Amino acid sequence: MILAAALATMVIGHSVDGRQIRATRVGAEVAPVNVLIVGNVHGNEPAGEAIVARLRKAEPPDGVALWLVRTANPDGRAVGSRHNARGVDLNRNFPSRWRSGPRDVFYPGPKAASEPETRAVMRLVRDVRPQLGIYYHQMLGMTVRARGVDRGVQAEYARRTGLPLGWLPNYRGTAIGWQNRVIRDGNAFVVELHAGAAPAKRHADAVLALSRRLKNPFAVRLRPAWLYGPSGR
Ligand SMILES: [Zn+2]
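Calculation notes
- Residues numbered from 1 in each chain as written.
- Predicted model: local features only at pLDDT ≥ 70, side-chain atom pairs only at ≥ 80, totals over all residues.
- Helix = DSSP H or I, 4+ residues; strand = E, 2+ residues; numbered from the N terminus.
- Rg over C-alpha atoms; globule rule 2.2 N^0.38 Å.
- Buried ≥ 20, exposed ≤ 12 C-beta atoms within 10 Å, placed from the backbone.
- Right-handed = clockwise from strand over helix to strand, strands pointing away.
- Pairing = 2+ DSSP bridges.
- Core = buried A, V, L, I, M, F, W, Y, C linked by C-beta atoms within 7 Å.
- Contact = placed C-beta atoms within 7 Å.
- Axes fitted to C-alpha atoms, helices over the stretch in contact; angles between N-to-C directions.
- Parallel < 35°, antiparallel > 145°, perpendicular 65-115°, else oblique.
- Left-handed = near helix turned anticlockwise from the far one by under 90°.
- Expected span 1.5 Å × (residues − 1).
- Arc of directions from axis to C-beta.
- Nonpolar A, V, L, I, M, F, W, Y, C, P; charged D, E, K, R; others polar.

(A) Broad picture of the overall build of the chain. Tallying secondary structure elements over the chain gives 6 helices and 7 strands in all. Starting at the N terminus and ending at the C terminus, the chain contains elements arranged as β-β-β-α-β-α-α-β-α-β-α-β-α. The C-alpha radius of gyration computed for the chain amounts to 16 Å, which stays within 12% of the reference 17 Å derived for 233 residues, consistent with globular compactness. On the principal axes, the C-alpha backbone points of the chain span a range of 55 × 40 × 30 Å.

Below, the structure is given as structure tokens:
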């Protein structure tokens, strides 16, 4: 294969304060299997970024493209806040079972998908249609069961990383809740890392193992032109 290890970074949107939200594709432009990895959505939960950094240097299996978003909340990351710059909990802002709520730690925003960070992730998901999506959070130390997701996929992630499977309440307006509704054949779930640094190699290896598991050579899909080739940095 001549087209190995293509790598391109594109701007998928801008935060409230105008920071770029970027996605890096590792692997071929058109691949049967697309995998989305989001390092964090809450800016005070940064451990997933080391896993993303590791995957940037990975060689994905043939037929797999990794789509890496280091942070979906660059404003929150800049100040170490869970929220975006408008005080919104982005993981309650997605248009799936969204409901209004008080301006507290879980403030879901004035309406569903009101925040540019939410819409940037939505655009990427709609265009890439990932069969696997992992969103890292902290610090409960578990692989969070997701409704409608292949149990074997999640069990393998739990086994490989040592973060046991478990349920959390069925929160409203979450990224994975929305993604699993839109991508019917996809598997999006949350991994709650422990506090502190994560064992990045172990998690990156688990992502690559699941990518191999999901490989289906008959599922090639076309994407819009703007996702091809590098733009920005
Ligand atoms: Zn979180």
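(B) The arrangement of the pairing of strand 3 (residues 33–38) in detail. With respect to burial, strand 3 is a largely interior element, 6 of its 6 residues being buried. Side chains V33, V35 and I37 project from strand 3 onto one buried face, and the interleaved N34, L36 and V38 project onto a second face that is buried too. A crossover links strand 3 with its parallel partner strand 4 (residues 64–69), the connecting element being helix 1 (residues 48–56), and its sense is right-handed. Pairing of strand 3 with strand 5 (residues 132–144), which is carried by 4 bridges, proceeds in the parallel orientation.

(C) Structural context of the nonpolar core. In this structure, V35, I37, L55, L66, W67, L68 and V207 are the most contacted members of the largest nonpolar core, which totals 56 residues. Apart from the residues lying within four places of it in its own chain, the contact partners of L55 are V26, I37, L66, L68, A204 and V207.

(D) A look at the packing of helix 1 against helix 6 (residues 200–214). Where helix 1 contacts helix 6, the two axes come as close as 9 Å, and the packing angle between them is 60°. In terms of orientation, helix 1 and helix 6 fall into the oblique class. Judged by the twist between their axes, the crossing of helix 1 over helix 6 is right-handed. Contact residues: A50, I51, R54 and L55 in helix 1; A200, K201, H203, A204 and V207 in helix 6.

(E) Examining the environment of V128 more closely. As for its position among the elements, V128 is in helix 3 (residues 116–128). As for V128 and W67, which are separated by 61 residues in sequence, their C-alpha atoms are 8.5 Å apart.

(F) A look at helix 3. Here helix 3 contains 13 residues, and its C-alpha end-to-end distance of 18 Å stays within 8% of the 18 Å for a straight helix at 1.5 Å per residue. Where the residues of helix 3 are buried, they touch strand 1 (7–14), strand 2 (20–26), strand 3, strand 4 and helix 5 (175–182). Positioned one or two residues after helix 3, R129 has a phi angle of 50°, which is positive.

(G) Quick look at the environment of R202. Tracing the backbone shows R202 in helix 6. You can call R202 partly exposed: it has 14 C-beta atoms within 10 Å. Taking the C-alpha atoms as reference points, R202 and V11, 191 residues apart in sequence, are found 28 Å from one another. R202 has contacts with R160 and T161, leaving out every residue within four places of it along the chain.

(H) Structural detail: helix 1. By the burial criterion, the buried members of helix 1 are G48, I51, V52 and L55. Projected onto a plane normal to the axis of helix 1, the buried residues spread over an arc of 100° and lie on a single side.

(I) Structural view of the packing of helix 4 (residues 151–161) against helix 6. As a packed pair, helix 4 and helix 6 sit with axes 9 Å apart at the nearest point and diverge in direction by 150°. Looking at the two axes, helix 4 sits roughly antiparallel to helix 6. Of the two elements, helix 4 crosses helix 6, and the hand of that crossing is right-handed. Between helix 4 and helix 6, the contacting residues are V153, E156, Y157, R160 and T161 on the first element and R202, H203, D205, A206, A209, L210 and R213 on the second. Looking at the contact of helix 4 with helix 6, its residues break down into 5 nonpolar, 2 polar and 5 charged.

(J) Looking closely at unusual backbone geometry. Here the residue pair Q138 and M139 is connected by a cis peptide bond, since its omega of 10° sits within 30 degrees of zero. Locating M139 in the fold gives a position in strand 5. Unusually for a residue other than glycine, R97 sits at a positive phi of about 55°. With respect to the helices and strands, R97 occurs in the loop between helix 2 (74–79) and helix 3. For R97, a count of 15 C-beta atoms within 10 Å corresponds to the partly exposed category. Although it is not a glycine, A113 adopts a positive phi angle of roughly 55°. As for its position among the elements, A113 is in the loop between helix 2 and helix 3.

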